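# Examination of the molecular architecture
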Amino acid sequence: MTRIRPRLSGVPETLLWTLYNRAHEAGQRYAVLDDPVALRLMEALDYPFEERFGRPNAFYSQLQGLRSRCFDLAVREYLAERPRATVVALGDGLETGFWRVDNGLLNWLSVELPEVAELRRALLPASDRVRVLAGSATDPSWLDEIEDPCGRGVVVTAQGLLMYLRPPQVRAILAACAERLPGGVMVLDSMGRRAAAHTRTGRWKVGGMTIPPMRWAMDPGERRKLRGAHPGITEVRALRLPRGRGAMGELVRLQSLLPGLRALTPAVTRLRFGDGPCGGGSPNGPGAGNVPGTVPQ
Ligand SMILES: C[S@@+](CC[C@H](N)C(=O)[O-])C[C@H]1O[C@@H](n2cnc3c(N)ncnc32)[C@H](O)[C@@H]1O
């Protein structure tokens, strides 16, 4: 097998770190995430993971395994009602959610920056129900790619993405989804303000990689403000991580619940978009309100 050497930097490189952690967890006995495709991806990549990111970290591996499972559970819940839905994964990196949740009917659309879209196409198994769109999640033209959004339903996921965008970009994405995807849901994660501010000092490192600056942040207590992005957002719900494995799993769970500590790792939220006229249209227009966020210069 010819292995592929990814040449990524900045935010795209962070996808290798999340993959590294997820795959490490998937390789454990009684793993919290069953992900054989992630394990195969690791073999197909010619990349000095350990040299770049250090040895796998038991806390982060389990946290990221649980975070992916939390997204999977939310997607599955929606598919239980609308099995032919399209899942749009914004900033999908080398995530392998399709192979974990596939029910044989859904369609999957990954929206990724061109260098990552190319990697996905080269490395992941092809399926006529999986597409990769090379472009930015901030360009709303990906919404035109969804087939019959009102009839089949749509779940948009943004895992590990929005914190790297600017607050107006986040607001515009949420507003466009609420406007164009009535009856759909969006599952996203966010970093707390303190942790995001720390990334902007340039001093938060994972092995040899500096975590890129996070521009949008939201403390868990601020979630309800997300409704302000568009009147079509009818529900904002905090999603809890599933139970983990052993003592480390308990630690991950406690950390994600304790007020002083939970803002240090990503919090998962589900938005529901009310049934409205198909094709969108609200009296107040998109982006009418505010999404909490930091706007560093
Ligand atoms: C932390 S990684 C997360 C990857 C994957 N979702 C995961 O959880 O493993 C951030 C991802 O966002 C992607 N990304 C950054 N800016 C983007 C943009 N404007 N549009 C689409 N994807 C973007 C990067 O290429 C990268 O894959």
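Above this text is the structure in question.
Residue positions within a chain follow its written sequence, with the count starting from 1. Residue-level local features of this predicted model are given only where pLDDT is at least 70; pairs of side-chain atoms are given and counted only at 80 or more, and the full residue set underlies all totals for whole chains, interfaces and linings. Hydrogens are left out, water is left out, and the side-chain values use all remaining heavy atoms of the structure.

## Description of the packing of helix α1 (residues 10-26) against helix α2 (residues 36-44)
When two helices pack together, their arrangement is given by the angle between the helix axes and by the axis-to-axis distance. Angles here are taken between N-to-C directions and fall from 0 to 180 degrees, while the axes themselves are lines fitted to C-alpha atoms, restricted in helices to the stretch in contact. Secondary structure is summarised from DSSP: a helix means a run of H or I of at least four residues, a strand means a run of E of at least two, and numbering begins at the N terminus for each. At a minimum axis distance of 9 Å, the contact between α1 and α2 shows a crossing angle of 120°. Considered as vectors, α1 and α2 are oriented oblique to each other. For α1 against α2, the interelement crossing comes out left-handed. Contact residues: α1 offers Leu19, Tyr20, Ala23 and Ala26, while α2 offers Ala38, Leu39, Leu41 and Met42. Taken together, the residues of the contact of α1 with α2 sort by class into 8 nonpolar, no polar and no charged. Our angle categories are set so that under 35 degrees counts as roughly parallel, over 145 as roughly antiparallel, 65 to 115 as roughly perpendicular, and the remainder as oblique. Rotating anticlockwise by less than a right angle from the far helix to the near helix defines a left-handed crossing, while the corresponding clockwise rotation defines a right-handed one. Any pair of residues with heavy atoms lying within 4.5 Å of one another is described as a contacting pair. Gly is put with the polar residues, along with every residue not named as nonpolar or charged; the nonpolar set is Ala, Val, Leu, Ile, Met, Phe, Trp, Tyr, Cys and Pro, and the charged set is Asp, Glu, Lys and Arg.

## Here we look at helix α8 (residues 167-180)
Note on helix geometry: an α-helix contains 3.6 residues per turn, so any two residues three or four positions apart are oriented the same way. Taking 1.5 Å of rise per residue, the 14 residues of α8 would be expected to cover 20 Å, and the 20 Å separating its terminal C-alpha atoms lies within 8% of that figure. Of all the residues in α8, the buried ones are Pro167, Val170, Ile173, Leu174, Ala175, Ala176, Cys177, Ala178 and Glu179. An expected span of 1.5 Å times one less than the residue number is assigned to each helix. The cut-offs for exposure are 20% and 50% of the maximum accessible area for each residue type, with area from a 1.4 Å probe on protein chains only; residues under the lower value are buried, those over the upper are exposed, and the others partly exposed.

## A look at the packing of aromatic side chains
Geometry of aromatic contacts follows a simple scheme: Phe, Tyr and Trp rings, the Trp one being its six-membered ring, pair when their centres are within 6.5 Å, and the pair is stacked under 30 degrees between planes, edge-to-face over 60, tilted otherwise. Counted by the stated rule, this structure contains 9 aromatic pairs. Arranged with centres 4.9 Å apart and planes meeting at 65°, the rings of tyrosine 47 and phenylalanine 49 form a pair that is edge-to-face. Across the pair, phenylalanine 49 and tyrosine 47 agree in class, each one buried. With a centroid separation of 6.2 Å and 70° between ring planes, the pair formed by phenylalanine 98 and tryptophan 108 is classed as edge-to-face. On the criterion of sequence distance, the pair formed by phenylalanine 98 in helix α5 (residues 97-101) and tryptophan 108 in strand β2 (residues 107-112) is long-range, its members being 10 residues apart. For tryptophan 108, a relative accessible area of 6% gives the class buried. A network of ring pairs unites the aromatic residues Tyr20, Tyr47, Phe49 and Phe53 as a single cluster.

## Examining the site of the ligand
Near, as used in this document, describes a residue that has one of its heavy atoms within 4 Å of the molecule or strand being considered. Around the ligand, the surrounding shell holds 20 residues, and the nearest of these are Thr18, Gly91, Glu112, Ala137 and Gln159. Counting of polar contacts relies on pairs of N or O atoms within 3.5 Å, with two restrictions inside protein: one atom must be capable of donating a hydrogen and the other of accepting it, and residues adjacent in sequence are counted only when both atoms are side-chain atoms. Between the ligand and the protein, one listed contact pairs an oxygen atom with a side-chain N or O atom of threonine 18 at 2.7 Å. One of the backbone nitrogen or oxygen atoms of glycine 91 is found 2.8 Å away from a nitrogen atom of the ligand. Only the protein chains shown count as cover for residues, and the accessible areas themselves come from Shrake-Rupley with a 1.4 Å probe. Contact with the protein chains covers 95% of the free accessible surface of the ligand, which is 590 Å². Contributing elements (two or more residues each) for the shell around the ligand: α1 and β2. The dominant element in the shell around the ligand, judged by the number of residues it contributes, is α1, at 6 residues.

## Here's the deal with the side chain of asparagine 21
Summarising the element assignment, asparagine 21 is placed in helix α1. Residue class for asparagine 21 comes out buried when judged on its relative accessible area of 2%.

## Examining the pattern of salt bridges
Oppositely charged side chains can pair when the atoms bearing their charge come close. The salt bridge criterion pairs a side-chain nitrogen of Lys or Arg with a carboxyl oxygen of Asp or Glu, the two atoms within 4 Å. Scanning the entire structure with this criterion turns up 22 salt bridges. Across the pair arginine 243 and glutamate 250 runs a salt bridge whose closest N-O atoms are separated by 3.3 Å. Through salt bridges with shared partners, a single ionic network connects Arg22, Asp35, Asp72, Glu95 and Arg100.

## Quick word on the pairing of strand β1 (residues 86-90)
Across a regular strand the side chains alternate sides, sitting on one face of the sheet and then on the other. Across the 5 residues that make up β1, a large majority, 5, are buried. By the alternation rule, side chains of β1 split into Thr86, Val88 and Leu90 and Val87 and Ala89, which are all buried. Pairing between strands is defined by DSSP: at least two bridges between them are needed. Note that β1 and β2 share 5 bridges and pair parallel. Bridging from a neighbouring strand, valine 87 pairs with tryptophan 108 of β2. Pairing of β1 with strand β4 (residues 154-158), which is carried by 5 bridges, proceeds in the parallel orientation. Opposite valine 87, over in β4, you have valine 155 as the bridge partner.

## Brief notes about the nonpolar core
Buried Ala, Val, Leu, Ile, Met, Phe, Trp, Tyr and Cys residues that are joined via side-chain atoms within 4.5 Å together make up what is termed a nonpolar core. In terms of nonpolar packing, the biggest core is built from 32 residues, with Leu16, Phe49, Phe53 and Leu94 touching the most fellow members. Of all elements in the fold, only α1, α2, α3 (49-53), α6 (114-123) and α9 (193-199) reach the threshold of two or more residues within this core. A total of 6 residues in this core trace back to one element, the largest contributor, which is α1. Among residues more than four places away in sequence, those in contact with phenylalanine 53 are Glu13, Leu16, Trp17, Tyr20, Tyr47, Val206, Gly207 and Met209. If you look at the next biggest cluster of nonpolar residues, it comprises 30 residues, including Val88, Leu90, Val111 and Val154.

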